[in-house]
Amino acid sequence: PFAADVTDYVSESPLQLQVRVRDESDTSYHTRGKQTLKRGGMFYTAQSGIWQSVWYEWVPENYVEKYRITPNFGQASVAIELTSKSSLEKTVLEMKNAEVTYEVTERQEKGHVVTCVELRFKDGVFQSWTPENPYLYEFTLTAGKDKFQSYFAMRSFTIEKDEKGIARFCLNHKPYFLNGVLDQGYWPDGLLTAPCDEAFIYDIELAKKLGFNMTRKHIKIEPLRWYYHCDRLGMIVWQDMVNGGTKYNMPFVCYLPTALPFCGKTIKDNLYGMFARKSKEGRALWEEECKDTVEHLYNVPSISTWVPFNEAWGQFDAARVACDVKEQDPSRTVDHASGWFDQKEGDFRSVHNYFRKLKVEKDEKRAFVISE
């Protein structure tokens, strides 16, 4: 998503706003997901038009431009950081479903003011969020002349060793078996656009009824409504970054590692030409969008894992990218290269297996996962 301050261009009300977007689809290195102008196989019809919400709103001159919510499960506390142009007047936190105390501090950061509201649960008692009990804490924050409502959940996603010394995915510091689906986010009557909010709810509730507790949102970023329903209904989300790069060399990135799995363990992803990533500008743009994605979805409680690359589609420098993502968000796990070309980084040994008898490989630090 993107935003623009149009204050200086507004001379009357109501305001008429025109938004235009040019989509290169698969004719360039830009991010595109599974869109292609020539559909077929695992790639889908390209989306025309703007397929997510567009709106404008009035805000005070000094308003909360963005906020970050970071639960600290072990300390029974939550940090809510508000970013504004200048110092906010009195900041007041209101919560109805919890007894908390809070402290407000302020610091300067990159020409802005960051107001931190640090709240603590009374006696360290709180309800944990799980797919079986998706408990959310709602709050209202009045910050100067601005005011907004939001929510958070108390949960922790980590990789820890069990009693046998095997690295496992843990929810709230307890081993948790993930049983999920690959969610493409394509709709028969709208392509990338869901027909209605109820369609989001139907998909998530049906998956839960079928026994799934996790969904991998596949190389697509949904409207925030979808993530909200995952939060409140209890569905753990693995979030892919949207893939880009020029035309893929499918015999190399798909067929070779499928037929000869050892190739995926030995080939380095700094061979930019083989991975459709010759453009330095394209690589830099993808990294910028990767950081923007983490920032945009940071407050979503149900997201447990970031997935930078899928099956070498525009993959490059995945080991370094995994470390960068982890530095930006240490509260979640990272599956650095889902599928073929493992660069031995991240929190998972991530395998795609369609045709062979499964061989589970023990890793000293990473949990084993069949990610497709």
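Quick look at the structure, then. (Residues numbered from 1 in each chain as written. Predicted model: local features only at pLDDT ≥ 70, side-chain atom pairs only at ≥ 80, totals over all residues. Heavy atoms only, no water.)

Quick notes on the sheet that holds strand β7 (residues 112-121)
Moving on, step 1. Strand order in this open sheet of 4 strands is β3-β4-β7-β6, and the pairing throughout is antiparallel. Of all the strands in the sheet, just β3 (66-72) and β6 (100-109) have a single pairing partner and so form its edges. Direction aside, neighbouring strands of the sheet carry axes that sit 15° apart on average.
Moving on, step 2. Note that β6 and β7 share 10 bridges and pair antiparallel. In the strand pairing of β7, Val100 is matched with Phe121. (Pairing = 2+ DSSP bridges. Helix = DSSP H or I, 4+ residues; strand = E, 2+ residues; numbered from the N terminus. Axes fitted to C-alpha atoms, helices over the stretch in contact; angles between N-to-C directions.)

Structural notes on the packing of helix α1 (residues 197-209) against helix α2 (residues 224-233)
Moving on, step 1. Contact geometry of α1 with α2 gives a least axis separation of 10 Å together with a crossing angle of 35°. Note on packing geometry: the crossing formed by α1 with α2 is right-handed. Residue-level contacts link Asp197, Phe200, Ile201, Ile204, Glu205 and Lys208 of α1 to Arg225, Trp226, His229, Cys230, Arg232 and Leu233 of α2.
Moving on, step 2. Of the residues contributing to the contact of α1 with α2, the split by class is 6 nonpolar, 1 polar and 5 charged. (Left-handed = near helix turned anticlockwise from the far one by under 90°. Contact = heavy atoms within 4.5 Å. Nonpolar A, V, L, I, M, F, W, Y, C, P; charged D, E, K, R; others polar.)

Focus: the sheet that holds strand β5 (residues 91-95)
Moving on, step 1. Taking strand neighbours across the sheet as the criterion, the 3 strands line up as β5-β8-β9 in an open arrangement whose pairing is antiparallel. Of all the strands in the sheet, just β5 and β9 (146-152) have a single pairing partner and so form its edges. The sheet shows a mean angle of 20° between the axes of neighbouring strands, taken without regard to direction.
Moving on, step 2. Of the strand pairs in this sheet, β5 and strand β8 (residues 137-143) are connected by 5 bridges, and their pairing is antiparallel. In the strand pairing of β8, Glu94 is matched with Thr140.

Observations concerning a nonpolar patch on the surface
Moving on, step 1. A contiguous nonpolar patch, built from Phe2, Leu17, Val19, Val21, Ile50, Val54, Tyr56 and Trp58 and spanning about 850 Å² of accessible area, is present on the exposed surface.
Moving on, step 2. Residue placement: Phe2 occurs in the segment before β1 (35-36).
Moving on, step 3. Residue Phe2 is classed as exposed on the basis of its relative accessible area of 70%. (Patch = residues over 30% accessible without salt bridge, like charges linked within 9 Å, V, L, I, M, F, W, Y side chains within 5 Å. Areas by Shrake-Rupley, 256 points an atom, 1.4 Å probe, with all protein chains shown as cover. Salt bridge = Lys/Arg side-chain N within 4 Å of Asp/Glu carboxyl O. Buried < 20%, exposed > 50% of the residue type's maximum accessible area, 1.4 Å probe, protein only.)

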